[in-house]
Structure formats: C-alpha cells, structure tokens
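Here is how the chains run, residue by residue.
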Amino acid sequence: MDARKAWKWSLMGTLLALAAWAAYLSQTRIYQVDEAQNLTMARIGAFHLEGQFFTNALIWMMGPLAWIARHSAGAVSLFEGGRWVFLTVFLTNCALIALNTGVRFRSPLGLVALVGAATLAPLWDYGFEIRHDNLILTGLLTLWWLGRSSGWGARAYAAMGALAVGLLFVAFKSFAYVAPMVLSFLVAPPPCHERSRGPLVGAWLGGALAGGCLVGAAYSLTGLWPTFWAGIQGGAATSGGGARFSFTFSLGRLPLQVPLVLGVAMAALGEFLWLLWVDRRKAFSWEGNAPEALLCLGALIVLWVNPTPFPYNLVNLVPFAFLLGFRYAVPWGVRAWEAGAPRALLLGTLAFSHVVPFLMATFRHHEWSNQRQKALMGWAEAMTDPVADRVYDAAGLVPTRASIGYHWYLHSLNMVAFGQGRIPTVSRMLTERPAAVIIPNYRTDWLPESEQRFLAERYLPIADDFWVLGGRLPEGGGSFDVKHPGRYVVLGMQQGRLTPLREGSIGGRQLPGGPIQLPVGPIELKVSASVAPLVVWVGPRLGGLPTIGPGDHQYVFVNWY
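Before going into details, it helps to say that this report is about the structure given with it. No experiment lies behind these values; they were computed from the predicted model shown.

### As for the overall build of the chain
Item 1. On a plain count of helices and strands, the chain comes out with 22 helices and 12 strands.
Item 2. Expressed along its principal axes, the backbone C-alpha trace of the chain runs to roughly 90 × 50 × 40 Å.
Item 3. Contacts in the chain between residues at least 24 apart in sequence constitute 75% of all its contacts with a sequence separation of at least 6.
Item 4. Total accessible area computed for the chain in this model is approximately 24900 Å², and 64% of it derives from carbon and sulfur atoms.
Item 5. The positive charge centre, built from 42 side chains, and the negative charge centre, built from 31, are 8 Å apart in the chain.

This is the structure we're talking about:
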C-alpha cells in the first residue's frame with residue numbers, strides 16, 4: 001500500500017473512531033438543563049398539554065422529538081432518543097462544515113477537512129445536546145453552501161428562501177444570523193450561479209412563500225398555531241430583567257480548546273481588514289476569503305450583542321472561524337507539504353495546537369456522567385403514578401410526569417416575573433397541585449428563603465437531590481396533614497436504624513408495618529412515647545422506602561464545566 005492510500009485509510013479510521021466516541025458520549029454524558037426543558041416542551045406539544053403547561057411549540061419540537069415523546073417507555077428512553085437524534089445533527093454538521101471548505105470529500109484533503117471539523121472541541125461540548133442552536137448551525141451551513149458554492153442558480157435560491165423562513169421557527173434568534181447572510185446573497189449573487197439578480201431574487205421569494213406555507217401546514221396539522229403565538233406572548237410577558245454579561249465569558253474558552261483555529265482565523269481576519277483598508281473594491285469579492293471573513297465577523301457580532309452569550313452560542317461561531325482558517329491556511333500548507341517542508345514540524349504543530357487541546361477538552365466529559373440523572377428519573381417514576389402524581393424540579397428532568405402548574409420551570413429570564421408576582425409562586429402552585437416528588441437542583445436554589453422554608457416543611461429528603469412528601473412528628477406522634485392522597489409509610493428509629501413501625505395507630509387503624517393508603521386531610525398518628533415518627537411518601541407500587549444513596553443537588557445539572 002502506497003503512502004497516499006495509507007494516509008487516506010488512517011483518516012477514515014480516525015473518522016470512524018471519532019463517530020463511535022461521539023455516539024458513546026452522547027448517551028453517557030450529563031444532560032444539560034436546557035435539554036430537560038426542551039424535551040419537556042416537546043412532550044407537552046406531542047400530547048397537546050399546552051393548556052396546562054407552557055411550551056414554545058417551536059417547529060423543531062415536532063417531528064422526531066414529538067414521535068419519541070409519544071412512544072418512550074419512560075424519561076430515560078426519552079432522553080436517550082433525543083440524544084440519538086441530535087447525534088445525527090452533530091455528524092451532519094461536521095459533514096456540512098467540511099463541505100463548505102470547498103474541497104472534495106473523497107480526496108485526502110477532504111478527509112483532513114472532515115477530521116478537522118469533527119475535532120472542534122466546542123462542538124463536542126454542545127453539538128449533540130438537545131438544543132436549537134445545533135439546528136440553527138445545520139440551517140446556516142446549508143444556506144451558506146447553497147449560496148456560496150452549489151452553483152444551482154434559481155433552485156439554490158428557492159431552497160434558501162424556504163430554509164430561511166423555516167429557521168425563524170426553529171428559534172427567533174436565528175434571524176440575527178440569517179438576515180445578513182441572505183441579504184448578501186440577494187444583493188450580490190455569487191458568480192457560480194450564472195444568473196442575474198432579478199431571477200434569483202424571484203426564486204428566493206417563491207421559496208420563502210413555499211417555506212411559509214409548509215410551516216403553516218405543519219402548525220395547522222398539529223393544531224399548535226395558537227400555542228405558538230401564546231408562547232411568544234407568554235415568553236415576552238414573563239421574560240426580562242435577567243442578568244447580562246460579557247461575551248468574553250464564552251470566548252475565554254477558545255484559546256484552550258481551539259488555539260490553532262483561533263490563531264489562523266485571526267490572521268485571516270487581519271489580512272482581510274488590511275485589504276479592506278488599502279483596496280475596498282478588491283476586498284469584497286466572492287473569489288477570495290472575504291465571504292468567510294465577513295461570516296465569521298458577523299457571528300462574532302451576534303455573540304457580542306447577545307445579552308446572555310452562554311458558551312453554547314460558540315456552536316454558531318467556531319465552525320465559521322474554522323471555515324475561514326481552513327480556506328486561508330490550507331493552500332499554504334499544501335504548497336509547503338509538496339515543496340518538501342519539514343513535515344515533522346507541520347505535523348507536530350498541528351498535533352499540539354489542535355489535536356492535544358481537543359483531546360484534553362473532550363476527555364473531561366467522561367468525568368461527568370448522566371448515571372445519577374437517569375437514576376433520579378427512574379426513582380421519580382417508580383414512586384409516582386403517571387396520571388395521579390406530580391414531580392417538580394424546575395427544569396423538566398422527568399418529562400413523563402406532570403409538573404405543578406403552567407409556569408413549571410425556573411429560568412434566569414423569568415425569575416424577576418416570579419418575584420414581582422406576575423407568575424404564581426412555587427409555594428402557591430405546590431399548595432394547589434402538590435408534587436409527590438421534588439428533585440432539587442441549582443435552579444430551586446434560586447427560590448427565596450420563604451419558598452425554601454415551605455419546601456422544608458412539606459418534604460423530606462431521601463437524598464440531598466431527591467425529596468418526597470412527608471413530615472417529621474414529635475415523640476409519641478401527633479397530627480399529620482396529608483397534602484396529597486396516596487401510599488405512605490410510617491418510619492421510626494429502632495435499634496439505630498429507620499424501620500417501618502408496627503406498634504401504634506394512624507387514623508384509628510393499626511400501623512401495618514409497611515405502606516398504607518392515606519386520604520387528604522389531617523390524620524392522627526400515635527406511636528410509642530419514645531419514638532419520633534416520620535410519615536414518608538412511597539408511591540403507588542413500592543413496598544417501602546427505596547435506598548437511593550447519597551447525592552448532591554448542586555450536581556443534578558452542571559453547566560459550563
């Protein structure tokens with residue numbers, strides 16, 4: 001086998017290994033809080049529960065996610081199915097990034113582009129998460145290829161029009177990316193399309209109209225038009241007042257994760273700005289790197305003006321920096337390679353300025369497993385009835401169980417509305433619709449002290465990250481107010497351990513030494529004068545309190561590790 005074929009096969013093997021690694025991480029890495037929120041909203045729409053619980057009803061929550069939500073046996077399978085869908089999106093985005101470099105896929109250089117795209121560390125941070133940012137990237141990369149390189153003329157512009165409209169219903173913020181991109185293609189069509197501006201603009205308008213009709217048909221068939229508009233109005237009414245912060249919070253990750261991409265892209269931007277200074281007409285040309293430079297600058301500006309530029313927004317910046325850097329540096333690299341430049345120098349530089357930072361950034365994900373999250377989902381489902389009982393966690397970790405009210409999640413954008421009384425308090429919702437299980441996390445820590453006291457008075461922690469309905473009574477017992485009907489167990493400390501009590505009575509009945517069905521309302525509990533009993537929810541099926549093991553509510557969800 002000659003060196004060229006060996007190089008090609010090694011690159012293909014690397015791609016397969018990367019795909020397998022991504023598949024493994026997509027199923028084992030910790031779920032981010034937005035993923036729980038998005039899956040819960042998708043399930044609300046799938047089962048038409050929008051009258052009871054808030055959902056954005058965005059178009060990407062229909063289709064595969066809605067199907068998975070309807071057919072999942074439980075919360076774990078719902079999350080796993082969602083991650084499989086977005087693993088496909090991740091792999092598609094890697095291919096689209098490579099496609100936009102302008103090199104042939106099957107060539108060795110095309111495989112290098114694929115490996116480069118598949119080793120952008122920020123994409124491994126967020127690229128297979130269940131979030132709209134990844135679908136925005138898919139749409140933007142497709143738009144860019146259709147306009148920049150496809151040469152399909154009117155067909156490309158028609159597809160771009162339909163796609164541009166569709167992206168607006170994936171997420172409203174996509175407008176900030178789509179509008180300048182589309183405008184550039186309409187004002188100055190690339191020469192590869194070999195058509196004048198007028199027919200191309202007409203094709204784009206026709207495509208946009210067709211796209212609008214398709215979106216309208218999708219919402220009409222699902223009956224979610226009213227929900228979509230209510231979501232816009234409700235989101236606008238309850239948002240605002242959240243903390244703003246600088247985009248440097250996210251950009252600070254890039255020198256450690258993609259130093260080579262960052263350095264080469266900045267060099268290309270510097271050269272473009274210099275050319276713009278000395279020869280403005282020559283700078284704005286589809287033939288050079290100016291389009292990618294403007295694309296990268298535009299994405300950077302969108303991140304800058306974003307009031308909450310969380311790191312997941314890097315998904316829609318780093319790929320464009322890669323495109324700019326690749327188009328700028330690869331011609332030089334190919335010439336240097338073919339001219340006999342020290343290949344060890346080139347490969348060593350590539351290894352320690354891109355491959356090693358990628359591996360260091362990506363291996364850390366193995367330290368953050370979703371095993372505890374899946375266990376919490378399973379215990380919550382085991383201790384509740386899917387119809388009669390509720391679970392609350394302020395984020396949607398258990399989408400298969402109803403939450404406590406229409407405003408079921410806490411977010412940095414709606415906390416002010418909670419504080420101002422524009423949204424019912426959590427204590428009020430729990431009073432009206434008690435949750436049998438609460439999974440505390442960093443978002444429930446946002447609740448004011450009065451709300452925290454309310455939770456502590458009505459719930460008992462089986463673990464720090466898993467609370468259930470119940471109460472602690474004084475020695476000898478007393479009156480216990482049952483907030484939600486169901487099966488409870490009465491426990492007491494005997495011989496140094498908590499065990500079900502048999503001696504005593506509850507509501508005039510002998511304690512059974514196991515679960516007992518209790519109705520709503522006050523009930524009298526009498527036990528030995530030396531025992532301080534606990535009344536603890538066990539749910540419809542369990543024979544006793546499960547052994548959950550220690551947990552930490554601050555690690556139920558972890559962001560930006």
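Picking up where we left off.
### Remarks on the pairing of strand 6 (residues 486–494)
Item 1. A large share of strand 6 lies buried, amounting to 7 of its 9 residues.
Item 2. With 3 bridges connecting them, strand 6 and strand 10 (residues 516–518) associate as antiparallel partners. Note on strand 10: the bridge partner recorded for Y488 is I516.
Item 3. The pairing of strand 6 with strand 12 (residues 534–537) spans 4 bridges and is classified as antiparallel. The partner of Y488 across the bridge, within strand 12, is W537.
Item 4. In this sheet, strand 7 (residues 497–500) lies alongside strand 6 in antiparallel orientation, the contact comprising 4 bridges. Residue M493 lies in a different strand from strand 7, and its bridge partner there is L498.

### Structural notes on the sheet that holds strand 11 (residues 521–526)
Item 1. Taken in spatial order, the 4 strands line up as 5-11-8-9 in an open sheet, and their pairing is antiparallel. A strand with exactly one partner marks an edge of an open sheet, and here the two such strands are strand 5 (477–482) and strand 9 (509–510).
Item 2. Taken together, the 2 bridges between strand 8 (residues 505–506) and strand 11 define a ladder with antiparallel strand orientation. Each bridged residue has a counterpart across the sheet, and for I506 the counterpart in strand 11 is L525.

### Quick notes on the packing of aromatic side chains
Item 1. What the rule picks out here adds up to 37 aromatic pairs.
Item 2. Their ring planes at 80 degrees and their centres at 6.0 Å tell us that F54 and Y406 sit as a pair that is edge-to-face. Here F54, found in the loop between helix 2 (33–46) and helix 3 (64–71), pairs with Y406, found in the loop between strand 1 (391–392) and helix 20 (415–420); they are 352 residues apart in sequence, far enough to count as distant.
Item 3. In this structure Y406 comes out as partly exposed when scored by relative accessible area, which is 32%.
Item 4. Arranged with centres 5.8 Å apart and planes meeting at 35 degrees, the rings of F310 and Y312 form a pair that is tilted. Each member of the pair, F310 as well as Y312, is classed as buried.
Item 5. Aromatic ring contacts, followed pair by pair, group W21, F90, W124, F128, F358 and F363 into a single cluster.

### Description of the packing of helix 16 (residues 290–305) against helix 17 (residues 318–338)
A pair of packed helices is captured by two measures, namely the crossing angle of their axes and the spacing between those axes.
Item 1. The geometry of helix 16 relative to helix 17 is characterised by a closest axis approach of 8 Å and an angle of 155 degrees between their N-to-C directions. Accordingly, the angle class assigned to the pair helix 16 and helix 17 is roughly antiparallel. The two elements helix 16 and helix 17 cross, and the hand of that crossing is left-handed. Contacts from E292, A293, L295, C296 and A299 of helix 16 reach helix 17 at F320, A321, L323, L324 and R327.
Item 2. For the contact of helix 16 with helix 17, the residue count by class is 8 nonpolar, no polar and 2 charged.

### Notes on unusual backbone geometry
Item 1. For E194, which is not glycine, the phi torsion reads 55 degrees and is therefore positive.
Item 2. Relative to the helices and strands, E194 is located in the loop between helix 9 (174–187) and helix 10 (197–222).
Item 3. Positive phi values are uncommon outside glycine, yet A394 reaches one of about 65 degrees.
Item 4. The topology assignment puts A394 in the loop between strand 1 and helix 20.

### Regarding the side chain of R443
Item 1. Along the polypeptide, R443 turns up in the loop between strand 2 (437–438) and helix 22 (449–458).
Item 2. In this structure R443 comes out as buried when scored by relative accessible area, which is 3%.
Item 3. There is a polar contact of 3.4 Å between the side chain of R443 and the side chain of Y442.
Item 4. Beyond its immediate stretch of four places on either side in the chain, R443 contacts V33, D34, Q37, A394, L410 and H411.

### Here's the deal with the pairing of strand 3 (residues 459–463)
Note on strand geometry: in a regular strand, side chains alternate between the two faces of the sheet.
Item 1. Here strand 3 pairs with strand 4 (residues 466–472) via 4 bridges, running antiparallel. Bridged to Y459 within strand 4 is L469.
Item 2. In sequence, strand 3 turns back onto strand 4 through a hairpin of 2 residues.

### So, a nonpolar patch on the surface
Item 1. Judged by side-chain polarity, W7, V112, L347, L350, V355, L359 and F363 come together as a nonpolar surface patch covering roughly 560 Å² of accessible area.
Item 2. Looking at the nonpolar patch element by element, the count peaks at 5 residues for helix 18 (residues 343–363).
Item 3. Position of L347 among the secondary structure elements: in helix 18.

### Thoughts on helix 14 (residues 259–278)
Item 1. Compared with an ideal rise of 1.5 Å per residue, which puts 20 residues at 28 Å, helix 14 spans 29 Å between its outermost C-alpha atoms and is within 8% of the ideal.
Item 2. Among all positions of helix 14, only V261, V264, A265, A268, L269 and F272 are buried. The buried residues of helix 14 occupy one face: seen down the axis, they fall within an arc of 140 degrees. Along helix 14, exposed side chains directed more than 90 degrees from the buried face belong to W274 and W277.

### Some thoughts on empty space enclosed by the protein
Item 1. A complete count under the given rule lists 1 cavity of 30 Å³ or more for this structure.
Item 2. Lining the largest cavity we find R29, Q32, D125, Y126, E129, R253, R364, H365, V558, N559, W560 and Y561.
Item 3. Considered class by class, the residues forming the lining of the largest cavity number 4 nonpolar, 3 polar and 5 charged.

Calculation criteria
- Residues numbered from 1 in each chain as written.
- Predicted model: local features only at pLDDT ≥ 70, side-chain atom pairs only at ≥ 80, totals over all residues.
- Heavy atoms only, no water.
- Helix = DSSP H or I, 4+ residues; strand = E, 2+ residues; numbered from the N terminus.
- Contact = heavy atoms within 4.5 Å.
- Areas by Shrake-Rupley, 256 points an atom, 1.4 Å probe, with all protein chains shown as cover.
- Lys, Arg positive; Asp, Glu negative; His and termini not counted.
- Charge placed at Lys NZ, Arg CZ, Asp CG, Glu CD.
- Buried < 20%, exposed > 50% of the residue type's maximum accessible area, 1.4 Å probe, protein only.
- Pairing = 2+ DSSP bridges.
- Phe/Tyr/Trp six-rings, centres within 6.5 Å; stacked < 30°, edge-to-face > 60°.
- Axes fitted to C-alpha atoms, helices over the stretch in contact; angles between N-to-C directions.
- Parallel < 35°, antiparallel > 145°, perpendicular 65-115°, else oblique.
- Left-handed = near helix turned anticlockwise from the far one by under 90°.
- Nonpolar A, V, L, I, M, F, W, Y, C, P; charged D, E, K, R; others polar.
- Polar contact = N/O pair within 3.5 Å; in protein donor to acceptor, adjacent residues only side chain to side chain.
- Patch = residues over 30% accessible without salt bridge, like charges linked within 9 Å, V, L, I, M, F, W, Y side chains within 5 Å.
- Salt bridge = Lys/Arg side-chain N within 4 Å of Asp/Glu carboxyl O.
- Expected span 1.5 Å × (residues − 1).
- Arc of directions from axis to C-beta.
- 1 Å grid on protein atoms, 1.4 Å probe; cavity = no way out; pocket = protein on both sides within 12 Å on 5 of 7 lines; lining within 4 Å.
- Points joined across faces, edges and corners; volume = space filled by probe spheres on them.

Keep in mind these numbers describe shape, not what the thing actually does.
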